[in-house]
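Architecture at a glance
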Amino acid sequence: MNTDDLISRLSQDVPPVRRNAVGWRIAIGILLGALVSGGYVLLSMGIRPDLGEAMHGFAFWMKWGYTLSLSVAALVVTAQLARPDTRRLRWLWVIAIPVALLAGVGALELIRTPSGEWLAMWLGHSWRTCPWRVLTLAMPIFVGLLWSFRRLAPTRLRAAGAAAGLAAGAFAATVYCLHCPEVSAIFVLTWYSLGILLAASVGALLGPRLLRW
Amino acid sequence: MQANEDALRGLMIDGLDGDAAAHAALLRLLVPLLRGFYRRRASGSDDDIEDLVQETLIAVHTRRVTYDRDRAFTAWLFAIARYKMVDHFRRGRRLCPIDGLEDMLIAEDFESASTARLDMEGLLADLPAKQARMIRATRLDGLSVAEAAQAGGIGESDVKVSVHRGLKALVARIQGERR
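Residues numbered from 1 in each chain as written. Chains lettered and ligands numbered in written order. Predicted model: local features only at pLDDT ≥ 70, side-chain atom pairs only at ≥ 80, totals over all residues.

A separate point is the packing of helix H8 (residues 157–176) of chain A against helix H9 (residues 185–210) of chain A. Residue and element names in this part refer to chain A. Taken N-terminus to C-terminus, the directions of H8 and H9 make an angle of 150°; their axes are 6 Å apart at the nearest point. The orientation of H8 with respect to H9, classified from their angle, is roughly antiparallel. For the pair H8 and H9, the sense of crossing is right-handed. By residue class, the composition of the contact of H8 with H9 is 17 nonpolar, seven polar and one charged. (Axes fitted to C-alpha atoms, helices over the stretch in contact; angles between N-to-C directions. Helix = DSSP H or I, 4+ residues; strand = E, 2+ residues; numbered from the N terminus. Parallel < 35°, antiparallel > 145°, perpendicular 65-115°, else oblique. Left-handed = near helix turned anticlockwise from the far one by under 90°. Nonpolar A, V, L, I, M, F, W, Y, C, P; charged D, E, K, R; others polar.)

Okay, here's the thing in structure tokens:
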């Protein structure tokens, strides 16, 4: 096609763009994905029966605090990688804060618990399934983010994929909290984080292929 | 209209606010810019360059939400252009990067620099030892006059005079050879 024709065709479709359009687009993608993941938890895993009661306790909010703050930190990095002209990533270190805080809570927990019970506390009832479930729930959210990225312009595809995977994993873990009855900080620190890291690795692996434009 | 940063940025922002005419004007101004950008960096037929230009225009259009109004427009544009070019090379399409040529230029530069060095050594060999040593120290090795004086164990003015006389002799000899 002639370049002039291309330009006149492109200029027929010029919708206004909001100032924080990148953030909105990422938020919409992640929420659409989270709806699918939430539906899956609701229908197939089941919401924990004592959810209302648990919401009055410390453990539930500790878990949500960890996964939600990790999601936000990962989204901040993802939004930066969605622009082509980002040279230096800022706020990357923020990701370490929730991890460090949860590790602190875990250390307190270990001090208070007799060492004979440490293993049971660490493995909980669901350590075998927890990371895989987080990874499964991360998939729809990752797909949602792929939709967001269709109008975005990442130039470091592997890093962008990893950040999107991290965000998807952390958000999936947030959704998974509706089902998971585990209460210990070191359980969450290990097995939730493992699931989230798996999601980030899958993202890094697929990023160069799927985010190309 | 001239394609400078302020003009382009203004058009882009108007386009983001929904002004289709500004958007069209912007895209039209980008065409020669992008052609120049790609011609300097890739070798191939004009059609292939034009393909790349069109691809970039489409990307600028479809991914315009990623432009941050507070940042430089040209930086954003060339980040997209660079990405499109790297992607193009990675897919192994018809255009060739001029990177290889750049390596060749560096090699040629090295070669001429080394032959120049050899010529220089030949010329210096004919000068009195002190003059040759001082020229080598100040002009080839990059020492300051003070450093050269200290290294040679002589006064600074002695260094300056040696270099001056030595260079004069060299110039005379080279001009004599030419004649």
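There's more to say after this.
Moving on to the environment of A:Ala73. Residues and elements named next belong to chain A. For Ala 73, the location among the structural elements is in helix H4 (residues 58–81). With 23 C-beta atoms counted inside 10 Å, the residue Ala 73 sits in the buried group. Along the chain, Ala 73 and Ala 167 lie 94 residues apart, while their C-alpha atoms are 8.0 Å from each other. When sequence neighbours within four positions are dropped, the list of residues in contact with Ala 73 reads Val 94 and Ile 95. (Buried ≥ 20, exposed ≤ 12 C-beta atoms within 10 Å, placed from the backbone. Contact = placed C-beta atoms within 7 Å.)

Below, the discussion takes up the environment of B:Leu34. Residue and element names in this part refer to chain B. Note that Leu 34 resides in helix H2 (residues 20–41). A count of 27 C-beta atoms within 10 Å places Leu 34 in the buried class. Through-space distance from the C-alpha of Leu 34 to that of Ile 49 is 9.1 Å; in sequence the pair is 15 residues apart. Not counting residues up to four positions away in its chain, the partners in contact with Leu 34 are Val 53, Thr 56 and Ala 81.

Running from amino to carboxyl end, helix H1 (residues 3–10) of chain A crosses helix H3 (residues 46–62) of chain B at an angle of 10°, the nearest separation of the two axes being 11 Å. Judged on the interaxial angle alone, H3(B) and H1(A) are roughly parallel. Mapping the contact onto sequence places A:Thr3, A:Leu6, A:Ile7 and A:Leu10 in H1(A) and B:Glu50, B:Val53, B:Gln54, B:Leu57, B:Ile58 and B:His61 in H3(B). When its residues are assigned to classes, the contact of H1(A) with H3(B) shows six nonpolar, three polar and one charged.

By a widespread convention, an interface's size corresponds to the accessible area lost as its parts come together. Between chain B and chain A, the residue contacts involve 31 residues of the former and 24 residues of the latter. Those elements giving two or more residues to the side of chain B that touches chain A turn out to be helix H1 (5–16), H2, H3 and helix H4 (73–90) of chain B. In terms of residues, the side of chain B that touches chain A owes the most to one element, H3(B), which gives eight residues. Of the residues assigned to the side of chain B that touches chain A, the class counts are 15 nonpolar, seven polar and nine charged.

These figures capture arrangement, not role.
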